[in-house]
Structure formats: C-alpha cells, structure tokens
Amino acid sequence: MLKILKYSFYDLIRSRWTYSYGGFYLLFTLSLLWLSNDLSKVVISLMNVVLLLCPLIATMFGVMYYYNSREFTELLLAQPVRRTSIFLGQYLGVAGSLSASWIIGVGVPFALYGVFGSEQAGNFAMLLFVGVVLSFVFSAMAFFIALKNENRIKGFGLAILAWLFFAVIYDGLLLLSLSLLTEYPLEKFSLIASMLNPIDLSRILILLKLDVSALMGFTGAVFRKFLGTGLGMGVAFAVLGLWVVGPVMGIRRVAGRKDF
Amino acid sequence: MFRWILISTLMLAGQAVLLANTFRVCKTCPASSVREAIRQARPCDTIFVETGIYKEGNILIDKELTLIGNGRPVLDGEGKTEIVTIAANHVHFEGFVIKNVGTSYSEDRAGIRVKEASDFYVKNCRVENAFFGIYLQKSKNGIIEGNEVVGEAKDEVSSGNAIHLWYCNNVLIINNKTIGHRDGIYLEFVNFSTVQGNFSERNVRYGLHFMFSNDDIYRGNTFYNNGAGVAVMYSKRIGMFANEFKNNWGPAAYGLLLKEIHDGQIEGNTFQENTVGIFAETSNRIVYSKNQFIQNGWALKISGGCQMNNLTNNNFIGNSFDLAVHSAGTDNKFDGNFWSDYAGYDLDHNGIGDVPHRPMKLFSYVVSKTPESLVLLRSLFVDILNFSEKVSPIFTPENVVDNQPLLKTVDSQRWTVDNDTAPVHPLSSTVNR
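Residues numbered from 1 in each chain as written. Chains lettered and ligands numbered in written order. Predicted model: local features only at pLDDT ≥ 70, side-chain atom pairs only at ≥ 80, totals over all residues.

**Student:** Lay out the overall build of chain B in plain terms, naming residues and giving numbers.
**Tutor:** Tallying secondary structure elements over chain B gives four helices and 37 strands in all. Classification of the 433 residues of chain B by burial places 45% in the buried group. At a minimum sequence separation of 6, the contacts of chain B that also span at least 24 residues come to 47%. (Helix = DSSP H or I, 4+ residues; strand = E, 2+ residues; numbered from the N terminus. Buried ≥ 20, exposed ≤ 12 C-beta atoms within 10 Å, placed from the backbone. Contact = placed C-beta atoms within 7 Å.)

This is the structure:
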C-alpha cells in the first residue's frame, strides 16, 4: 500500500493540476495579505474560500483521478497486490497531494508574514487543519462514488451533487427546518444538525475561534460552551474523523466486492 | 423693610467675602487635619491641604468652603467609610486623591458625596478603589470636572458607579475618566444636564447610563470596551452628539441601547466594532443623522414598537448586518444614507443612486424570526439567499428601503465637539469660573 501511495503521490505532485491548485492558493493568500496586512481578516476571507473550494476541488480531483488512472488500476489488479491497498493507496495519494498543495499554498505566505508567534497562530492552525480534513473527507467521498459507478458521467454528476448537497442544500434544509420549528428550543438541534455536516462543522469551528462568534448571540454561546470544553472539541474532531473513516470503509467494502 | 434686610444681608455677605481667611493643613501646621480646619473655618474661607496622607474617616464639609489640595494630598478611608461628604452650597473641592472606600451592601458609600447641595464644583480629583466614586444626590447647578475615577470592579453586584447622579438638575459633567466600575456615569432622575468629553473604559455594565432623565445632552464622550457603551432608558429629549462607541464586543454587548426613548437626537457619533451599534426598543421620533457605523456586527437593530424614526445622512461601512428591523409596517424613514454594499448606479451624476437600496438582507430578516439560524452565518447558502433576495425582494419588509442612497460617504469630519450647531449647555460657559 505504501508503494502505491508513494507512486500516486509522486505522480500527482508532478501533475500541473496540483501545481496550479497550490499556486492558486499561494497567489490568493499572498494578494490578500498584501492587500489587507491584517492576519485575522485574511483568515476570515480564507475561511470562505476553504469551505467552498477545498471540498469542491477534492471532489473533482478524486473522481477525475480515479477514472483517469483506471487502466493503471486494472494493471495493478492483475498483480499480486491486495485490492484495499491499491485503492487506499491511490486515495491517500490524492488526499495527501491536495493537502500538501493547500498547506504549502497557504502556509508559506502566512509564514512569511510572521503568523507563528502572533496571536493568530491558533486560528491559522485551525484553518489549515480544517482545509486538510475537508480535502480528506471529500476526496474519500469522491473515490467512493467513482468506485460505485462505472459510468463516468453518472459518477461525476453524483460527486458534484454530493458536494452541492453538503455545501448548499444541507444548509437550506437546516434553515427551513429551523424556521418551521421556531416554536421549539432549537439550540441542541442546530448544534447536532451542524455537527453532522463536515462543512458546517468546519465553519463553526473556525467562526468560534474568531471574534465574529459574538454575533451568534445565544446560539453562539451554546456552541461556544459545548465546543469550548474538552469533551465538545473531542466530539467535534471525532465527528470529522468519522467523516473520513466512513467513506474510506465504503471504499474498502466496494473495492473488495467489485467485479472488474 | 424687606429691602433693608436684603441690603444689610448683602453687605454682611460682602463683608464675609472680604474677611475670608485661608487655612493651611499639613503635618506641622496649626491645623494638622482636614477635619480640624473645617471646624475652625467660617463660610467662604479657603483651606489649602498640603501633600500627605490623611486618614480621617469621613470628612463632612457642612460650610460654604473652598478646599484645594496642593500636590495631590491623599484622603484614605482605609476601606471603612465614605470619605468626603459635601453638604453645603457653594463648595469648591479640588485636587485631592481619595482612596479606599469599602464595599458595603447596606449603604451606598462614596468617595465624594454631594448631598442636597447646589453650586458645587468638584475638580481634578482622583478616586481610587471606591465603591461609588462621586455620588450626587438631590443636588443642582454644579460642575464635576476633570476627575479620574478608577476601580477594579469584577461584577455588577459588588461594585458601584463611578459617577452617580440621583435627583439632580443642571449639572455639568465634563472631561472625567471613569474606569472599571459598574456604570461609568449613571444618571437617574437627572434633568437639564450635560455630560461632555468624558472617557469610559472597562466598566462592567455601561459606560453611561440614563434612567428617567429628561432634556439632557451628552457629547464628545468616548466609550471603550465596556459591558455596553451607553444605555438610555425611559428618558425624553436626550441629545447625543459626536460620541465614540468602540469595541463593545461580546454576546450581549451594545454600543448604544435605547429603551423607551422619545424625541431624541443622535448625531455625528461613531460606532465602530461593536457587536450591535445601536439597539433601539420602543423608541419613537428619534433622528439619526451623520453617524458613522463602521465594522459592527449589526449597525442598527430596531426592534418592535419603534415608530417615526428618521435615519438620514449616515455612513454604513463594512458591517456584517447594516440594519435589522423587527417589525414591519411602522413609518420609519431610511432615506439618504451611504451603504457600503449598495450596488446601484447614478446615471444623472447627482450623487444619489437611481435604484432604491434595501439595507435589510434576507438573512438578517430570517435571523430576526429564528435567532438559531445564525449558525449558518457566513455559509454559502446564505450568500446565495441574500443575493437572490436582492435581485427580487419578496420577504424583506417593503418599507425598509432607502429611496435616495448616497454614492459617496457623508463627510463627518465637521461633526466634532467644537461644532457650533450642536446645542451648548448653558452651564458650559461657566466652567472656567
């Protein structure tokens, strides 16, 4: 598995998609920092980007990579290598290279502007962490969908739909249910509901780190109280972890049974 | 007959002035304590207190005296009593440091209390570690100037107000610093008074607090990092000019809280980085003009029962929410402001946008209905929602609209304290008496 991981990783690291992805973050972060020079504001702007772009790119990349390397995969399948290690290796390669682009693209400019040692270091670490987790979650989801669907168009469509669901539709449904159930105490409900969506959870984790969270009033206070405790943070990270582990288990299961 | 009495009284008074003595208080002087000097003094005398620490418990000034501290003498209450009580008219009290008034849960102990007096003048004193700093009760026609009241309040229950006025008339509170108390300046049943050029910081409740006080003006004050900047409650005809409300940030913090305020005027103030710039509740006929709302969470929150308010010539720059109006159907006006997220155009170049602006975003409307939906703050869905509502408004209240949005910011440099158009308090000319 490590060999395949290494191979996929190096293969991707050399591809110009990865370069352009990393380069985009580099340019974007640099220009933001250059324009505003205020680390905390840049963290906020980047938050909007990471929540939108990281999942989207990870989804697209995951699906694309699986379909493109299909012939190579078939070749590998003919060798005495375990199936799970082939697919997990490929998946980890994709997720790893995406995360590397993200960390380098955002990390280098911030390091140049001296984020380490400043009071924004914690927020910045959270931002990086969230980007990495989202890359892992959504590329796993993409791989799982691609494995399930032979038809490329269908696979692409489903993957985009999955992204759309978590990025937009889920929030819409949440808002709808909140406004329908407005007679009831909703703090716990909204807490649990937003925990279940990796994008929402990431957004709230970052928001609570920033002082914008004061805007969230009573609900924000409930969140802060919960996530401020060791238990709450533990639960949040566990949920994010589950979001990685779940699709990966799916990949294993499907890969084990699939007839190539 | 009466005339004769009057004239002879006046002559006596004049004589008294001419015969006024001065006393010195120091360790080696004939009068070694402030109390002793006050006992010896006659009305209209002046007492100079030299540098030193005077631990004399409560000092009662019951005569028409002038007390001046030379080199900041310290009056120390050792945490046991109220320190200075002014209970006579025409008292001038200047240049002391007053320390260590103990917290009491049964009486409102103060560093300096002015009790049923008129024409008092408390100047350049520093009150440290006091329960109440300067406490005025049933007094009138006085000036509180240039004092510093510094405390270390932890919570509302165990702390008093820095400058506290109760049943007062025509008082001028000018250029004081109030730090670390419950309220910086508290006015209850206080009429025709002016609060000007003060600085309030780190007070646990409000920087300035009005209760049941009418016809007052506060201007040119700075409120920084208090529990909430200013609360104006149950008062009429309050003028609020050229104040700064900054950094009142927290889940329950406001720059300015208005509750049952009628006929007020809010002009030329700056609201910057507050969770809520102004929160108005049942406040009618208020004119908001030439204010700056910069980078607040909510610039202006108008809840139910606010009618006939007029919002014009204000700048709204970079707020998360510019406006949240809870109740529709009231005749508030929002015309002629600058909104930084206005996206219209101006074909005839008259400086007024041709397309009306709706300052209330859909999300801010949704949040006012279901506060829990704030968990979706800054999510992509909300941006899409706001955008679609902007294109074709359906939900946001019909009448919350600026029909003449400005394309350029309103120049606010002119709106400082020196500005001639802001009403001047009758007493402010007597400050340098």
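Now that the structure is up, let's keep going.
**Student:** For the overall build of chain A, give the residues involved together with the corresponding values.
**Tutor:** When helices and strands are tallied, chain A shows eleven helices and zero strands. In sequence order, chain A lays out its α and β elements as α-α-α-α-α-α-α-α-α-α-α. For chain A, whose C-alpha radius of gyration is 19 Å, the value lies close to the compact-globule estimate of 18 Å for 260 residues. Along the longest, intermediate and shortest principal axes, the C-alpha atoms of chain A span 60 × 45 × 30 Å. (Rg over C-alpha atoms; globule rule 2.2 N^0.38 Å.)

**Student:** Talk me through the interface of chain A and chain B; I want residue IDs and the actual numbers.
**Tutor:** Counting residues at the interface gives 28 residues for chain A and 21 residues for chain B. Sorting the residues of the side of chain A that touches chain B by element identifies helix 3 (39-68), helix 7 (152-180), helix 8 (187-195), helix 9 (198-209) and helix 10 (217-228) of chain A as the ones contributing at least two each. Ranked by residues supplied to the side of chain A that touches chain B, first place goes to helix 7 of chain A with eight residues.

**Student:** Which residues make up the confidence of the model for chain A, and what values do they have?
**Tutor:** Overall, the predicted model of chain A reaches an average pLDDT of 86, with 97% of residues at or above 70. Ranking the elements of chain A by mean pLDDT puts helix 10 of chain A last with 73 and helix 7 of chain A first with 92. (pLDDT = per-residue confidence, 0-100.)

**Student:** So, the nonpolar core: which residues are in play, and what are the values?
**Tutor:** The biggest cluster of nonpolar side chains holds 101 residues, and the ones touching the most others in it are B:I47, B:I61, B:V84, B:I86, B:I98, B:I112 and B:I134. In terms of residues, this core owes the most to one element, strand 16 (residues 163-174) of chain B, which gives seven residues. Discounting residues that sit within four places of it in the chain, B:I134 has contacts with B:A110, B:G111, B:I112, B:V122, B:V127, B:I144, B:N147, B:V149 and B:I163. Counting 80 residues, the second largest nonpolar core, distinct from the first, contains A:V106, A:L134, A:W163 and A:L208. (Core = buried A, V, L, I, M, F, W, Y, C linked by C-beta atoms within 7 Å.)

**Student:** Before we move on, can you summarise the packing of helix 2 (residues 16-36) of chain A against helix 5 (residues 83-112) of chain A with the specific residues and values?
**Tutor:** Residues and elements named next belong to chain A. Here helix 2 crosses helix 5 at 25°, and the two axes come no closer than 8 Å. Judged by the angle between their axes, helix 2 and helix 5 are roughly parallel. Considering only the axes of helix 2 and helix 5, their crossing is right-handed. Of the residues in helix 5, those touching helix 2 at T18, Y21, G22, F24, Y25, L26, T29, L30 and L33 are S97, S101, W102, I104, G105, V106, V108, P109 and F110. Taken together, the residues of the contact of helix 2 with helix 5 break down into twelve nonpolar, six polar and no charged. (Axes fitted to C-alpha atoms, helices over the stretch in contact; angles between N-to-C directions. Parallel < 35°, antiparallel > 145°, perpendicular 65-115°, else oblique. Left-handed = near helix turned anticlockwise from the far one by under 90°. Nonpolar A, V, L, I, M, F, W, Y, C, P; charged D, E, K, R; others polar.)

**Student:** Lay out the confidence of the model for chain B in plain terms, naming residues and giving numbers.
**Tutor:** Residue and element names in this part refer to chain B. For chain B, the average pLDDT comes to 86, and 90% of its residues sit at 70 or higher. Element-level mean pLDDT values for chain B span from 59 in helix 1 (residues 2-18) up to 95 in strand 18 (residues 185-191). The model gives residues 417-433 a pLDDT under 50, and that stretch makes 24 contacts with residues more than four places away or in other chains. On the interface metric, ipTM, the complex scores 0.81, and its pTM is 0.78.

**Student:** Tell me about the environment of B:N225, and please be specific about residues and values.
**Tutor:** Residues and elements named next belong to chain B. Following the sequence through the fold, N225 ends up in the loop between strand 23 (222-224) and strand 24 (228-236). Take N225: there are 17 C-beta atoms within 10 Å of it, and that puts it in the partly exposed class. As a C-alpha pair, N225 and G250 span 25 residues in sequence and 9.7 Å in three-dimensional space. Contact partners of N225, with chain neighbours within four places excluded, come to E201, R202, N247 and N248.

**Student:** Lay out the packing of helix 7 of chain A against helix 4 (residues 380-391) of chain B in plain terms, naming residues and giving numbers.
**Tutor:** Closest axis-to-axis distance for the helix 7 of chain A/helix 4 of chain B pair is 7 Å, and the angle between their directions is 75°. Relative to helix 4 of chain B, the element helix 7 of chain A lies roughly perpendicular. Of helix 4 of chain B, the residues touching helix 7 of chain A (which contributes A:A167, A:V168, A:D171 and A:G172) are B:L380, B:F381 and B:I384. Of the residues assigned to the contact of helix 7 of chain A with helix 4 of chain B, the class counts are five nonpolar, one polar and one charged.

**Student:** Go over the pairing of strand 16 of chain B, please, and point to the residues and values.
**Tutor:** Residue and element names in this part refer to chain B. By the bridge criterion, four bridges tie strand 13 (residues 132-137) to strand 16 in an arrangement that is parallel. Looking at strand 16, one finds that L136 is bridged to L165. Strand direction decides the pairing type here: strand 14 (residues 140-145) and strand 16, joined by five bridges, are parallel. Paired with K140 across the bridge in strand 16 is N169. In the sheet, strand 16 pairs with strand 18 via six bridges, with the strands oriented parallel. Across the sheet, the residue bridging to N169 is N191, located in strand 18. Both strand 16 and strand 19 (residues 194-196) contribute to a ladder of three bridges, which runs parallel. When the sheet's bridge partners are listed, I173 is paired in strand 19 with V195. (Pairing = 2+ DSSP bridges.)

**Student:** Quick one: what's the story with unusual backbone geometry, residue by residue and with numbers?
**Tutor:** The phi dihedral of B:N129 falls on the positive side, at around 50°, and the residue is not glycine. With respect to the element layout, B:N129 can be found in the loop between strand 12 (126-128) and strand 13.

**Student:** Could you give me a rundown of helix 2 of chain A, with the residues and numbers involved?
**Tutor:** Residues and elements named next belong to chain A. Look at helix 2: 30 Å from first C-alpha to last across 21 residues, which is about the 30 Å you get at 1.5 Å a residue. Looking at the packing, one finds that the buried side of helix 2 touches helix 3 and helix 5. Two residues or fewer after helix 2 comes N37, characterised by a positive phi angle close to 60°. (Expected span 1.5 Å × (residues − 1).)

**Student:** With reference to specific residues and values, describe the environment of B:V171.
**Tutor:** Residue and element names in this part refer to chain B. Structurally, V171 is set in strand 16. For V171, a count of 28 C-beta atoms within 10 Å gives the class buried. Residue contacts for V171: discarding those within four places in its chain leaves L136, G142, I144, L165, V190 and S193.

**Student:** Describe the environment of B:L258, with residues and values.
**Tutor:** All names here are of chain B. Mapped onto the elements, L258 comes out in strand 27 (residues 254-262). Look at L258 and you get buried, because 28 C-beta atoms sit within 10 Å. Residues L258 and F279, 21 residues apart in the sequence, show an inter-C-alpha distance of 6.1 Å. Sequence-distant contacts of L258, that is, excluding residues within four places in its chain, are made with V232, I278, F279, A280, E281 and S283.

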